[in-house]
Each structure stands twice: as C-alpha cells, then as structure tokens.
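Spelled out, the chains give:
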Amino acid sequence: DWFKLPGYDPTDSHHRKLLADVKAVIGAVWTPAPEEYTSALEQAGFTVLSSKEASADGGHQYPLVKQAEFFYETSKVIVATLANMGLIPRHF
C-alpha cells in the first residue's frame, strides 16, 4: 500500500515534487495518511491489530522489494517453463 508518512510537509515544494514523481511511476491516485485507512477500517467494523511500518529493518523498503522481486522473477521462470513444455497456454 501507498501512504504519506508523518514527515511529509505539503507546504514544502520539494516534498510535493517527490510525491508527484513517485505517484506517476506507481500509478497512485490518492495518497492517504495511515490514520485515514485505520479510521476507515474501524468505522467499517474492523479491529486494527497493527498499523506500522512494514519494513523488516524499520524504515527501508529495499528488503521488501527484493523479496517481491525474487517471488515474481521465480514465478515468471516457472510460468515460461510450463508454457514452453505445453502444460499451460503460451499467452500466460
């Protein structure tokens, strides 16, 4: 998920530019604060057990990105192999 962090300053032109540049890359339309999501979930009847930075090292996304990259690159090889063997259609 995509959230603006507490250090984001909407009056800082550099922050606004960074946000706009990243949104263009990831296709984000809305940039909520974490508490907006938490509040909406609680209003819908959910109990939020945890709302915190998901990074394993407490603030850097790199380990999570590398973990996802490994998963998707491995899946890509498996699907391509199965398609080449004729076990699944090539359009996958």
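Our structure's up above, just so we're on the same page.
Scope of this entry: the structure provided in the associated data block. (Residues numbered from 1 in each chain as written. Predicted model: local features only at pLDDT ≥ 70, side-chain atom pairs only at ≥ 80, totals over all residues. Heavy atoms only, no water.)

### Remarks on a nonpolar patch on the surface
Turning to step 1, where the next piece is worked out: On the surface, a nonpolar cluster with roughly 570 Å² of combined accessible area is contributed by V29, W30, Y37, L41 and F46.
Turning to step 2, where the next piece is worked out: Along the chain, V29 turns up in the loop between helix 1 (13–26) and helix 2 (34–43). (Patch = residues over 30% accessible without salt bridge, like charges linked within 9 Å, V, L, I, M, F, W, Y side chains within 5 Å. Areas by Shrake-Rupley, 256 points an atom, 1.4 Å probe, with all protein chains shown as cover. Salt bridge = Lys/Arg side-chain N within 4 Å of Asp/Glu carboxyl O. Helix = DSSP H or I, 4+ residues; strand = E, 2+ residues; numbered from the N terminus.)

### A short note on helix 3 (residues 62–84)
Turning to step 1, where the next piece is worked out: Between its first and last C-alpha, helix 3 extends 32 Å over 23 residues, near the 33 Å set by a 1.5 Å rise per residue.
Turning to step 2, where the next piece is worked out: Of the residues flanking the end of helix 3, it is G86, one or two places downstream, whose phi is positive at about 80 degrees. (Expected span 1.5 Å × (residues − 1).)

### Thoughts on the environment of T74
Turning to step 1, where the next piece is worked out: If you trace the backbone, T74 turns up in helix 3.
Turning to step 2, where the next piece is worked out: For the pair T74 and A40, spaced 34 residues apart in sequence, the C-alpha to C-alpha distance is 36 Å.
Turning to step 3, where the next piece is worked out: From its side chain, T74 meets the backbone oxygen of F70 in a polar contact 2.7 Å long. (Polar contact = N/O pair within 3.5 Å; in protein donor to acceptor, adjacent residues only side chain to side chain.)

### Observations regarding the environment of P6
Turning to step 1, where the next piece is worked out: Position of P6 relative to the elements: it lies in the segment before helix 1.
Turning to step 2, where the next piece is worked out: Residue classification places P6 among the exposed residues on the basis of a relative accessible area of 79%.
Turning to step 3, where the next piece is worked out: Put simply, P6 and A33 are 27 residues apart on the chain and 7.7 Å apart in space, counted from C-alpha to C-alpha. (Buried < 20%, exposed > 50% of the residue type's maximum accessible area, 1.4 Å probe, protein only.)

### What to know about the pattern of salt bridges
Turning to step 1, where the next piece is worked out: Considering all chains together, one arrives at two salt bridges under this definition.
Turning to step 2, where the next piece is worked out: Of the charged contacts in the structure, one is a salt bridge between K17 and D21, with a shortest N-O distance of 2.7 Å. You can see K17 and its partner D21 sitting in helix 1, four residues apart, about one turn around the helix.

### Details of the packing of aromatic side chains
Turning to step 1, where the next piece is worked out: All told, the structure shown has three aromatic pairs when counted by the stated rule.
Turning to step 2, where the next piece is worked out: Measuring from centroid to centroid gives 6.0 Å for W30 and Y37, while their planes differ by 20 degrees, and the two rings are stacked.
Turning to step 3, where the next piece is worked out: Relative to Y72, the ring of F71 has its centre 4.9 Å away and its plane inclined at 80 degrees; by these criteria the two rings are edge-to-face.
Turning to step 4, where the next piece is worked out: An aromatic cluster of at least three residues, connected via ring pairs, comprises F3, W30 and Y37. (Phe/Tyr/Trp six-rings, centres within 6.5 Å; stacked < 30°, edge-to-face > 60°.)

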